[in-house]
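The chain contents come next:
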Amino acid sequence: MEKIEQLDHEDPSEVITTEDAVLKTMEAAPRVSKLYLMKVLIKLIPILIHLRRDRREWVKREGRNIDTKKYVKHAEKTLATFIALGPSYIKLGQWLSTRTDVLPQPYLEVLAKLQDDVPPSDFSLVQETIENEIGKIDHIFDGFDKKAKSGASLGQVYLARYKGRDVIIKASRPNIEKTVSRDILVLKSILPLATRFIDPNLRYSVEAMFSQFVETISEEMDYRIEARNLKTIRRNLSHDPTVLIPELIPEITSRHVLSMEYIPGTKITDISALDAMGLDRARIVSKVHRIFFKMLLKDSVFHADPHPGNISVTSDGKIILYDFGMVGRIDDDTRLKLVRLYLGLIEKDPARAVNVLIDLGTLEPSVNRYIVEKALEFSIRSLHGQQVDRMEVKALIDLTNKTMSKFPFRLPKNLALYMRMSSILEGIYHHHKVRFQFVKVLEDILAEEGLLREAYVEETKDYFRRLVKGIETSIGLAPILRSYLEADLRTKEMSPRRQWLTSVSIIGSGLFIGSAIFIQYNLYMGLAGLIASAGTFVATFAIARKKH
């Protein structure tokens, strides 16, 4: 279980883990009455029925010729129901908006709009939380604005004055853990029933997905974890002059209270304000992508919730990041695979990209490689700024939908967060409607951070691993061939000419089989092997005829 770096003022022995956060959440769970359970179930059953029908139709028609308005209508009902059910369900909707392996595309687009724009609770209740954890507000702060600056599903934000400077105080909503733990118990109770409304190929992973959701929301409720996320990312980006991250104030930060410096800025999507300041919005979009993908590819810890409310811009064009409750953590092995994936996109090599997607576990090894590679080929052309005509665009959409429906991506928790981060950033880019080439940003990051060398080293290692695998498969046929030869030798003694022909045939056969296996990993090397094996057979046949 992952440990998270301690705060400056805490005992080193009190290191919080994800498991700790989950256990603490569930300790607050109240008893759930059958009446309340039935009320929630009545609201969720129509959603499950619509989702089951829509997903079946989406898969059957491969995402084509569907009634998009119907899908959007059902998705909007889902969104409205989640908002009505409260904080846990709002978070569930946000989390589901990343699951391309679960929901049809129209659902993803609607749920992606779900943000933490929730009316604040009464301040007297929040004040009790703050004073129970860090002390009397009047004693600690020089001033405190009791009107919430913004409201979120799990907490709310206030502006205060502390030791001569403006600070932001983020406080948990009253009894939030009790509310969330109750909702988790309800969801856990109805999970067996809900699985009846899910496609059979998804049922085996539902419990794992639910556990990931519980971990995510439990981490977000413990502000000590968010404080550590903030510190880690601030340190990692400290050498980047284009980004500002608030400084944590650890002495007035606790489990339910997070305190940091206040850095004002203009919202990233406020086009009129950014234009009035004379800022180049294309450069701003490029900066934002560079910052987030640098976190992903270089540091292995990345901000996973870059919605417009969490990104602002200063008057001189620097990017300000807020809210570090949701972060992704990727181990070095996965990080290097992502680097290799992007290298394949940069070098216009869809076959290499598919290899990495399989290595990441996001595609089944039995996937139809032709379909995926063709879809990636069109995507790569678009990424490189090449014109794709309307028929090619239609082909890309059809191929992508077919691939997604027949071979759904399996998204581990952190790769789901990565998909969330990428899709939200793409939304910011489309909002600004500026000229932007994502592949150029990637290429610059890989070069500037010294990641190209790592990527090529890993590609070389992977190439030899696949080569060895092909050879081992060929060698595996040796016992079969040997049995055949021994049986043949028992019947009659072989002449020297026949022995020679058999030996060369075995070599040619091994080369042919190995090349046939290897061609799916490297087209050119595989073809070279096939040509060499064919040449071996032709030469052998010609020599045999000549000797005869």
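Residues numbered from 1 in each chain as written. Predicted model: local features only at pLDDT ≥ 70, side-chain atom pairs only at ≥ 80, totals over all residues. Heavy atoms only, no water.

Once that is clear, we can look at the overall build of the protein. Counting its secondary structure elements, the protein contains 22 helices and 11 strands. For the protein, the proportion of its 548 residues judged to be buried stands at 51%. Long-range pairs, those at least 24 residues apart, make up 70% of the contacts in the protein with a sequence separation of at least 6. Per element, the accessible surface of the protein, about 27,600 Å² overall, is 56% carbon and sulfur. (Helix = DSSP H or I, 4+ residues; strand = E, 2+ residues; numbered from the N terminus. Buried < 20%, exposed > 50% of the residue type's maximum accessible area, 1.4 Å probe, protein only. Contact = heavy atoms within 4.5 Å. Areas by Shrake-Rupley, 256 points an atom, 1.4 Å probe, with all protein chains shown as cover.)

Judged by nonpolar contacts, the single largest core of 68 residues is most densely connected at Phe293, Leu296 and Leu321. Of the residues forming this core, the biggest block, nine residues, is contributed by helix 12 (residues 281-299). Beyond its immediate stretch of four places on either side in the chain, Phe293 contacts Tyr342, Tyr418, Met421, Ser422, Leu425, Phe438, Leu442 and Ile445. Counting 40 residues, the second-largest nonpolar core is a separate cluster that includes Val110, Ile176, Leu191 and Val214. (Core = buried A, V, L, I, M, F, W, Y, C linked by side-chain atoms within 4.5 Å.)

Time to look at the pairing of strand 6 (residues 257-261). Among the five residues that make up strand 6, five are buried, leaving the element largely enclosed by the rest of the structure. One ladder, built from five bridges, connects strand 4 (residues 165-172) with strand 6; its direction is antiparallel. Within the sheet, the bridge partner assigned to Lys170 lies in strand 6 and is Leu258. (Pairing = 2+ DSSP bridges.)

Moving on: the packing of aromatic side chains. With the rule as written, the count across this model stands at 11 aromatic pairs. Taking the centre distance of 5.3 Å and the plane angle of 70° together, the rings of Phe141 and Phe144 count as edge-to-face. The pair Phe141 / Phe144 is uniform in exposure class, with both members buried. Ring geometry for Tyr429 against Phe436: centres 5.3 Å apart, planes inclined by 55°, an arrangement best described as tilted. Judged by relative accessible area, Phe436 falls into the buried class, the value being 15%. (Phe/Tyr/Trp six-rings, centres within 6.5 Å; stacked < 30°, edge-to-face > 60°.)

Read across the open sheet, the four strands follow the order 5-10-9-7; overall the sheet is mixed. The outermost strands of the open sheet, each flanked by one partner alone, are strand 5 (243-244) and strand 7 (266-267). Across three bridges, the pairing between strand 9 (residues 311-313) and strand 10 (residues 319-321) is antiparallel. From the neighbouring strand, Val313 faces strand 10, where its bridge partner is Ile319. Those strands touched by helix 12 are strand 5, strand 9 and strand 10, and its axis lies near 45° from that of strand 10. (Axes fitted to C-alpha atoms, helices over the stretch in contact; angles between N-to-C directions.)

The next thing to look at is unusual backbone geometry. What is expected of a backbone is that most residues other than glycine have negative phi and most peptide bonds are trans. The phi dihedral of Asp323 falls on the positive side, at around 60°, and the residue is not glycine. Structurally, Asp323 is set in the loop between strand 10 and strand 11 (327-329). Here the phi dihedral of Lys348 falls at roughly 55°; this positive angle occurs in a residue that is not glycine. Residue position: Lys348 is located in the loop between helix 13 (332-346) and helix 14 (350-359).

Right, let's get into the environment of Val439. You can see Val439 is positioned in helix 18 (residues 438-448). What makes Val439 buried here is its relative accessible area of 3%. In sequence terms Val439 and Leu343 are 96 residues apart; their C-alpha atoms lie 9.5 Å from each other.

With respect to the helices and strands, Ser150 occurs in strand 2 (residues 150-151). Note on Ser150: relative accessible area 37%, which makes it partly exposed. Residues Ser150 and Pro119 lie 31 residues apart in sequence; the distance between their C-alpha atoms is 8.3 Å. Leave out the neighbours within four places in its chain, and Ser150 touches Gln156 and Val157.

Attention now moves to the pairing of strand 4. Across the eight residues that make up strand 4, a large majority, six, are buried. With eight bridges joining them, strand 3 (residues 155-162) and strand 4 adopt antiparallel strand pairing. Within strand 4, the position partnered with Gly155 by the bridge is Ser172. Where strand 3 folds back onto strand 4 in an antiparallel hairpin, the turn is made up of two residues, including Lys163, whose phi is positive at roughly 50°.

For the rest of this paragraph, the subject is the pattern of salt bridges. Taken as a whole, this structure holds 22 salt bridges when the rule is applied. Residue Glu220 pairs with Lys91 through a salt bridge whose shortest N-O separation is 3.0 Å. One end of the pair, Glu220, is in helix 9 (residues 200-221); the other, Lys91, is in helix 4 (residues 87-96), with 129 residues separating them in the sequence. The class for Glu220 is buried, based on a relative accessible area of 9%. The closest approach of N and O atoms between Arg281 and Asp275, which form a salt bridge, is 2.9 Å. With a relative accessible area of 17%, Arg281 lands in the buried category. Salt bridges linked by common partners bring Glu177, Asp222, Arg224 and Arg255 together as one network. (Salt bridge = Lys/Arg side-chain N within 4 Å of Asp/Glu carboxyl O.)

As a further point, take helix 13. Relative to the 21 Å expected for 15 residues at 1.5 Å per residue, helix 13 spans 21 Å between its end C-alpha atoms, a close match to the ideal helical length. For helix 13, the tally of buried residues reaches 13 of 15 residues, placing the bulk of the element in the interior. One side-chain oxygen at the N-terminal end of helix 13 lies 3.1 Å from the backbone nitrogen of Asp333; it belongs to Asp331. (Expected span 1.5 Å × (residues − 1). Polar contact = N/O pair within 3.5 Å; in protein donor to acceptor, adjacent residues only side chain to side chain.)

Moving on, we get to the side chain of Thr253. Here Thr253 shows up in the loop between strand 5 and strand 6. A distance of 3.2 Å separates a polar atom in the side chain of Thr253 from the backbone nitrogen of Ser259.

What follows covers the environment of Val313. Here Val313 lies in strand 9. Overall, Val313 belongs to the buried group, its relative accessible area being 1%. In this structure the C-alpha to C-alpha distance between Val313 and Leu279, which are 34 residues apart in sequence, comes to 9.6 Å. In contact with Val313, not counting residues within four places along its chain, are Gly265, Thr266, Ile268, Leu274, Leu279, Ile284, Lys318 and Ile319.

Let us look at helix 8 (residues 176-194). Residues that lie three or four places apart on an α-helix share one face, since the helix turns once every 3.6 residues. Here helix 8 spans 25 Å end to end across 19 residues, near enough to the 27 Å set by a 1.5 Å rise per residue. Lys188 marks where helix 8 bends most, by close to 25°; the proline Pro192 follows one to four residues later. (Bend = angle between axes of the 7 residues up to and from the residue.)

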